[in-house]
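Listed below are the residues making up each chain.
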Amino acid sequence: MVEDEALLSRQLAKGLSDGGYAVDCAAEGEQADVLVSTELYDTIVLDLGLPKIDGLSLLRRWRAAGLTTPILILTARGSWHEKVQGIDGGADDYMVKPFRIEELLARVRALIRRTSGFASPELQCAGLALNTATAHVSVEGLPIKLTSHEFRVLSYLMHRQGKIVSRSELIDHIYAQDADRDSNTVEVFIVRLRRKLGMPFIETVRGLGYRLRDPAQPGE
Amino acid sequence: MLRSLRSRLILASVLWTGGLLMALHIFSMVAIHHLPRFRPGQLGVPVSIAIAVMCAGVVVLWFSLKPFRRLRGTLAAVRAGRDRQIAGSYPTEVQPLIDDLNTLLADREKAVQRALTTAGDLAHGLKTPLALLRQESERAEVSGHLEIAENLAQQVDRMTRQIDYQLARARAAASGGSGNARCGAHESAHALARTLSKLYAGRALNIVVEIPADLHFRVQREDFDEMLGNLLDNACKWARTEVRLHYAESALITDDDGPGIPEDLRTAVLARGVRIDQAAPGTGLGLAIVHELADLYGGSLQLCASPSGGLRAILRLPVSDTPQPLGSRAK
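No experiment lies behind these values; they were computed from the predicted model shown. (Residues numbered from 1 in each chain as written. Chains lettered and ligands numbered in written order. Predicted model: local features only at pLDDT ≥ 70, side-chain atom pairs only at ≥ 80, totals over all residues.)

Novice: Which parts of the structure should I look at to understand the overall build of chain A?
Specialist: Tallying secondary structure elements over chain A gives eight helices and ten strands in all. Residue burial in chain A is summarised as follows: out of 220 residues, 38% are buried. Residue pairs at least 24 apart in sequence account for 53% of intrachain contacts in chain A once pairs closer than 6 positions are excluded. (Helix = DSSP H or I, 4+ residues; strand = E, 2+ residues; numbered from the N terminus. Buried ≥ 20, exposed ≤ 12 C-beta atoms within 10 Å, placed from the backbone. Contact = placed C-beta atoms within 7 Å.)

Novice: What exactly am I supposed to notice about the overall build of chain B here?
Specialist: Looking only at helices and strands, chain B has ten helices and seven strands in total. Here chain B holds 331 residues, and 26% of them are scored as buried.

Novice: Would you explain the pairing of strand E4 (residues 242–248) of chain B in this entry?
Specialist: Strand residues, when the strand is regular, have side chains that alternate between the two faces of the sheet. Residue and element names in this part refer to chain B. In the sheet, strand E2 (residues 206–210) pairs with E4 via five bridges, with the strands oriented parallel. Across the sheet, residue Val-209 finds its bridge partner in E4, namely Leu-245. For E4 and strand E5 (residues 251–256), the ladder comprises six bridges, and the chain directions are antiparallel. Its bridge partner being in E5, Val-243 is matched across the sheet by Asp-256. Count of turn residues in the E4/E5 antiparallel hairpin: two residues, of which Glu-249 carries a positive phi of about 50 degrees. (Pairing = 2+ DSSP bridges.)

Novice: Would you explain the sheet that holds strand E7 (residues 142–144) of chain A in this entry?
Specialist: Each strand in a sheet pairs with another by means of backbone hydrogen bonds, the pair being arranged parallel or else antiparallel. All names here are of chain A. Strand order in the open sheet formed by four strands is E4-E5-E6-E7, and the pairing between neighbours is antiparallel. Edge positions in the sheet fall to strand E4 (122–125) and E7, since each of these pairs with one other strand and no more. Going from strand to strand, the sheet's axes swing by 25 degrees on average, the running direction of each strand aside. The sheet contact formed by strand E5 (residues 128–131) and strand E6 (residues 136–139) spans four bridges and is antiparallel. By the bridge assignment for E6, Leu-128 is matched with Val-139. (Axes fitted to C-alpha atoms, helices over the stretch in contact; angles between N-to-C directions.)

Novice: Please clarify how the interface of chain A and chain B should be interpreted in this entry.
Specialist: A common way to state how big an interface is: give the accessible area lost once the parts meet. Across the boundary between the two partners, chain A contributes 25 residues, which contact 26 residues of chain B. The set of elements that each furnish at least two residues to the side of chain A that touches chain B consists of helix H1 (6–18), helix H4 (80–88), strand E3 (93–96) and helix H5 (101–115) of chain A. Among the residues forming the side of chain A that touches chain B, the class breakdown is eleven nonpolar, five polar and nine charged. (Nonpolar A, V, L, I, M, F, W, Y, C, P; charged D, E, K, R; others polar.)

Novice: Sorry, what's going on with the packing of H4 of chain A against helix H6 (residues 185–199) of chain B here?
Specialist: For any two helices packed against each other, the geometry comes down to the angle between their axes and how far apart the axes lie. Where H4 of chain A meets H6 of chain B, the closest approach of the two axes is 9 Å, and the angle between their N-to-C directions is 70 degrees. Comparing their axes, H6 of chain B and H4 of chain A come out roughly perpendicular. Packed against H4 of chain A, whose contacting residues are Trp-80, Lys-83, Val-84, Ile-87 and Asp-88 of chain A, the element H6 of chain B presents Ala-191, Leu-192, Arg-194, Thr-195 and Lys-198 of chain B at the interface. Of the residues that constitute the contact of H4 of chain A with H6 of chain B, the class distribution is five nonpolar, one polar and four charged. (Parallel < 35°, antiparallel > 145°, perpendicular 65-115°, else oblique.)

Novice: Help me out: how do you make sense of the packing of H1 of chain A against helix H4 (residues 95–142) of chain B in this one?
Specialist: Running from amino to carboxyl end, H1 of chain A crosses H4 of chain B at an angle of 40 degrees, the nearest separation of the two axes being 10 Å. Viewed along their axes, H1 of chain A and H4 of chain B form a crossing whose handedness is left-handed. Across from Leu-7, Leu-8 and Gln-11 of chain A in H1 of chain A, the residues of H4 of chain B making contact are Thr-128, Ala-131, Leu-132 and Gln-135 of chain B. Here the residues of the contact of H1 of chain A with H4 of chain B are counted per class, giving four nonpolar, three polar and no charged. (Left-handed = near helix turned anticlockwise from the far one by under 90°.)

Novice: How should the environment of Trp-238 of chain B be read in this particular structure?
Specialist: All names here are of chain B. Tracing the backbone shows Trp-238 in helix H7 (residues 221–238). With 19 C-beta atoms packed within 10 Å, Trp-238 lands in the partly exposed category. With 73 residues separating them in the primary sequence, Trp-238 and Leu-311 have C-alpha atoms 8.9 Å apart. Apart from residues no more than four positions distant in its own chain, Trp-238 is found in contact with Asp-256, Gly-258, Pro-259, Gly-310 and Leu-311.

Novice: When you look at the pairing of strand E10 (residues 209–212) of chain A in this model, what are you seeing that I'm missing?
Specialist: Residues and elements named next belong to chain A. As defined by bridge partners, strand E8 (residues 164–165) adjoins E10 across two bridges and the pair is classed as antiparallel. Within E10, the residue paired with Ile-164 across the bridge is Arg-211. Pairing between strand E9 (residues 202–205) and E10: four bridges, direction antiparallel. Its bridge partner lying in E10, Ile-202 is registered against Leu-212. Two successive antiparallel strands, E9 and E10, enclose a turn made up of three residues, where Gly-207 displays a positive phi of approximately 80 degrees.

Novice: How should I be thinking about helix H3 (residues 55–64) of chain A in this particular structure?
Specialist: For an α-helix, the turn length of 3.6 residues means that residues three or four places apart are oriented alike. All names here are of chain A. Looking only at H3, the buried set comprises Gly-55, Leu-56, Leu-58, Leu-59 and Trp-62. All buried residues of H3 fall inside an arc of 160 degrees around its axis, so they share one side. Along its buried surface, H3 packs onto helix H2 (29–38), strand E1 (44–46), strand E2 (71–75) and H4. Positive backbone phi, approximately 90 degrees, marks Gly-66, located one or two places after H3. (Arc of directions from axis to C-beta.)

Novice: Looking at this structure, how should I read the sheet that holds E1 of chain A?
Specialist: Residues and elements named next belong to chain A. On the basis of which strands lie adjacent, the open sheet formed by three strands has the order E1-E2-E3 and parallel pairing. The sheet is open, and its two borders are formed by E1 and E3, each paired with just one other strand. Here the average twist between neighbouring strands, direction ignored, is 20 degrees. Sheet topology places E2 next to E3; four bridges connect them, and they run parallel. Bridged to Thr-75 within E3 is Val-96. Docked against the sheet, H5 engages E2 and E3, running at close to 175 degrees with respect to E3.

Novice: I would appreciate a short explanation of the confidence of the model for chain B in the present structure.
Specialist: One rule of thumb: low pLDDT means the predicted coordinates there are not for detailed reading. Residue and element names in this part refer to chain B. Considering every residue of chain B, the mean pLDDT works out to 82; 86% of them sit at 70 or more. Low pLDDT, under 50, characterises residues 275–283; the predicted model gives this stretch twelve contacts beyond four residues in sequence or across chains. Predicted confidence is poor over residues 324–331, with pLDDT under 50, and the contacts of this stretch with residues over four places away or in other chains come to one contact. Here the complex is predicted with pTM 0.70, and the ipTM for its interfaces comes to 0.71. (pLDDT = per-residue confidence, 0-100.)

Novice: Where do I start with H1 of chain A in this structure?
Specialist: For H1 of chain A, with 13 residues, the first-to-last C-alpha span of 18 Å sits near the 18 Å given by 1.5 Å per residue. When we look at burial in H1 of chain A, the residues that qualify are Leu-8, Gln-11, Leu-12 and Leu-16 of chain A. Down the axis of H1 of chain A, the sector holding all buried residues measures 130 degrees, keeping them to one side. Turned more than 90 degrees off the buried face of H1 of chain A, the exposed positions are Ala-6 and Asp-18 of chain A. On the buried face of H1 of chain A, the contacting elements are H4 of chain B. Just downstream of H1 of chain A lies Gly-20 of chain A, where phi reads positive at about 100 degrees. (Expected span 1.5 Å × (residues − 1).)

Encoded structure:
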């Protein structure tokens, strides 16, 4: 999240992590540029009125460099001419301040879902269902209670069904950059998830990472 | 020719006086010597010369004062916003005055620009604190202070609407009707459709735009975007499946297949900042802004029922028929 107003940045970060996301904050363009070039983000929330480099130039630079991460512009500039410039500059969504945190969360969720190719908020894999909007998880219709970290792991795997996800990738996406990271905890989350889900949805690909798949289908 | 107004006036008065003296002289000769045996035939030539000279004086005067009439016309054009400066050359006595007037106009324009920038900075500067206040209201709601949260959110909404509205008005008032403005409707409409289909990506809306490629309006691009953007956004907000924009009978017509607006409410939504549905934020305000902007440009906005079931918005603006320079047409 790129936002130069410190208090708003803190509140937004809190709102987003309450919504189940790991958030890194940058207060100005240079810092954001460094973060974006070193980390792989699911989505970027970008303010336009930034010190040093303005948000629009940053956006154009990223898109010119081939960055495909969905970007949501969150700005005080609300005229239609500015919206057109933002979207034509390569943004995927545009929100005008002030805003409701629920709306931001809903739009971020939809953005991430759309980029992974899902149209509805309900992600499914065989009997396993995960609703990104309500954070509701169920197996064969029976609801399952997950902690927020377990939910993040499962949600990340669900968005990438059938693909191998490495352990370090998982860590990057469930923890914010400055959080106390411990790669062993990922294993703990996976073990707990497997126990709670009951069926072998999560498969370990030796030496590479994890993969979520339909337990009825034979693995390769 | 004589460039100085003074020399023109002198020439005019010399001609006039000469003619007058001649006429008086002849009149006195007639009166003194020929009155008992009056013979009009002999007087014909000098009398007509005298009249011709006097007429010449009047004509010269008329031509001398012509630049002032031209100036009045130019000033009216500046006032109406068709011109920014007083162009053309004037007699040497008037030219310094024209230069001063032009400097004054330029200063005034700069002052308006400065005021506008200040207003814009002020508005944008207020929006981040408002966003913060809005988050605070949500925090208050979470911690159980429902009434405080509600009041705070309401006031934040009111302030936001005021800022948006006044900002749009100030922008339009400054640029409103400036004559050399020219905006390509086709390009702007397609850019807006692109933007809206991204903003409403979750709704699978079909946005159809049918605008002639060579249609231009005498409107600033920013203001045109604001008007059409608000109309299309409002249509998208309510449409079930399709939003349509086309140009017919010299009007831009936006149709949606949503619920529409009841007839008795249609005038109300165009009034300042009325919201017919509190659930959809900003509704009505957008239409009121379009109404105001169109008015400033000497255009109009009408609402009626759409053949596709929802609301039809008819926007009329002054069309620019200035022929395009060859260079830009080739592009």
